[in-house]
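Each chain, letter by letter, is given below.
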Amino acid sequence: MRVRWVASVPAGAAPRRRARAPEPYTGPPFYPTPPRWGFPNLAWRRPTAVPGTASGAPVPLQRLRMIARNAVTLLWTLAGLAVVAGGAEIWRYVLLVQSRDSALSPGVVGASDALVLSFSLLTFVMALFAIAATVWWLFVARSAAADEVGEEPPRPAWQVLLGTLVPGPNLVLAGPILAELEHATLRRSRERRPRPSRLVLAWWGTWLLNAVLLVLTVVWRMRDGVQADADGVLLSALTDLSAAGLAVLTALVVNRFTRLLAPIEGRILRPLRVVKVSGAPDLPRRTRPATASR
C-alpha cells in the first residue's frame, strides 16, 4: 500500500494581504499641456476593413452591397436603352407599313435608321457590362450565403459559369441556380428541396422568352423578301422589349437577395467617427517654449 504525503501551509502562517479601499473617481485625466501621443488622424473603421491586418480582406457581405448597387444601376440603364431601341424598331415598322401606300421623307427614314442603329449598339454594349456585373454579383452572393450558413455552395464555380454564360445550357441551369441562391438567402436547410418564388419563376420565364425571341429574330433575318424584313423588324422590337423586362426583373432579384443577405445598409448606420465635440471645458495651456521642436 503506497502512501502519498502532501505538505500544506498551516492556517495563520502566511501573512494576509490588506484589502485596498477603492480610490474615488476624480474625473477624466487632466494634462497641463496637450499630450504628444494620440490616435492617428483617420476615421474609425470596422476591424474587418483595416488594411494590413489579418482581416484586411473584406468579407463577401461587405462587398455585396457595393456590387449590387453597381449591377442594379447598369440593369436599369440597360432597361431604358432597350425600351428606346424597341420603340425605334416599332417606329421603323410603322414607316414600313406607311411606305406601302405613299413615299416617305428621306429625313424621316434617315432619323429612324440612325435611332435604330445607335440605340441597338448602345443596348448591346450596356448588356455586356450588365451581364458582367450581374455574374460578379452572383458569385459574391453565393459566397456570402455560404458563409452565413457555414456551408459550401451547392454548385462549383464552373457549373455556375456554364449555366449562366454558355448558350444552350444556360436556358436549363439559370433558373435552378437562381432558385438555389434564393434557398440559401432564406437560410433554409439544404435537405429541403428549393422551391422558387414567383419572382424567380417570372425571371426564368422572361429569360426563356428573350432567348427564344433572340434566336427567332436571327433566323428570320436570314430570309429574303419585303414581308420577311417587316416581320424581322417586329421581332426585333419584341426582343428589345423582352430584354428590357428581363433587365427590370434581374434588378428586382438582385435587390431582393441583397436585402436578404445584408438587410442593414451602410448609409443608414451612424458613421463611426467623431464629428463634433461641444460643451467641453477649455483646458489651461502653458506658454510654448521658444526652444520647443514643435
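Criteria and cut-off values
- Residues numbered from 1 in each chain as written.
- Predicted model: local features only at pLDDT ≥ 70, side-chain atom pairs only at ≥ 80, totals over all residues.
- Heavy atoms only, no water.
- Helix = DSSP H or I, 4+ residues; strand = E, 2+ residues; numbered from the N terminus.
- Buried < 20%, exposed > 50% of the residue type's maximum accessible area, 1.4 Å probe, protein only.
- Contact = heavy atoms within 4.5 Å.
- Areas by Shrake-Rupley, 256 points an atom, 1.4 Å probe, with all protein chains shown as cover.
- UniProt positions renumbered as here; feature names shortened; annotations may be inferred.
- 1 Å grid on protein atoms, 1.4 Å probe; cavity = no way out; pocket = protein on both sides within 12 Å on 5 of 7 lines; lining within 4 Å.
- Points joined across faces, edges and corners; volume = space filled by probe spheres on them.
- Nonpolar A, V, L, I, M, F, W, Y, C, P; charged D, E, K, R; others polar.

A. Looking closely at the overall build of the chain. Secondary structure assignment for the chain yields six helices and zero strands. Its helices and strands taken in sequence order, the chain reads α-α-α-α-α-α from the N to the C terminus. The buried share of the chain, reckoned over its 294 residues, is 28%. By sequence separation, contacts in the chain at least 24 residues apart represent 71% of the contacts at least 6 residues apart. Of the roughly 21300 Å² that the chain leaves accessible, carbon and sulfur atoms contribute 63%.

B. Spotlight on the environment of Gly245. Considering the arrangement of structural elements, one finds Gly245 in helix α6 (residues 226-261). For Gly245, a relative accessible area of 28% gives the class partly exposed. Between the alpha carbons of Gly245 and Val83 there is a distance of 8.9 Å; along the sequence they are 162 residues apart.

C. Up close: the environment of Ala130. Among the structural elements, Ala130 can be located in helix α2 (residues 106-149). Given the relative accessible area of 2%, Ala130 is considered buried. Between the alpha carbons of Ala130 and Trp76 there is a distance of 9.2 Å; along the sequence they are 54 residues apart. Residues within four places of Ala130 in sequence aside, it is in contact with Leu74, Leu75 and Leu78.

D. Geometry of the UniProt feature "transmembrane region" (unreviewed entry) in the chain. According to UniProt, the positions carrying the feature "transmembrane region" (unreviewed entry) are residues 71-94, 114-139, 199-220 and 232-254. As a span, residues 71-94 carries 100% helix and 0% strand, and end to end its C-alpha atoms are 34 Å apart. Annotated as residues 199-220, this span is 100% helix and 0% strand, and its ends, taken at the C-alpha atoms, are 31 Å apart.

E. View of the layout of surface pockets. Taken as a whole, the largest pocket holds about 1300 Å³ of empty space. Lining the largest pocket are 44 residues, and of these Ile131, Trp207, Asn210, Leu214 and Leu246 lie nearest its centre. Residue assignment for the lining of the largest pocket shows that the elements contributing at least two residues are α1 (60-98), α2, α3 (157-165), α4 (169-185), α5 (198-221) and α6. At twelve residues, the largest contribution of residues to the lining of the largest pocket is made by α2. Considered class by class, the residues forming the lining of the largest pocket number 30 nonpolar, twelve polar and two charged.

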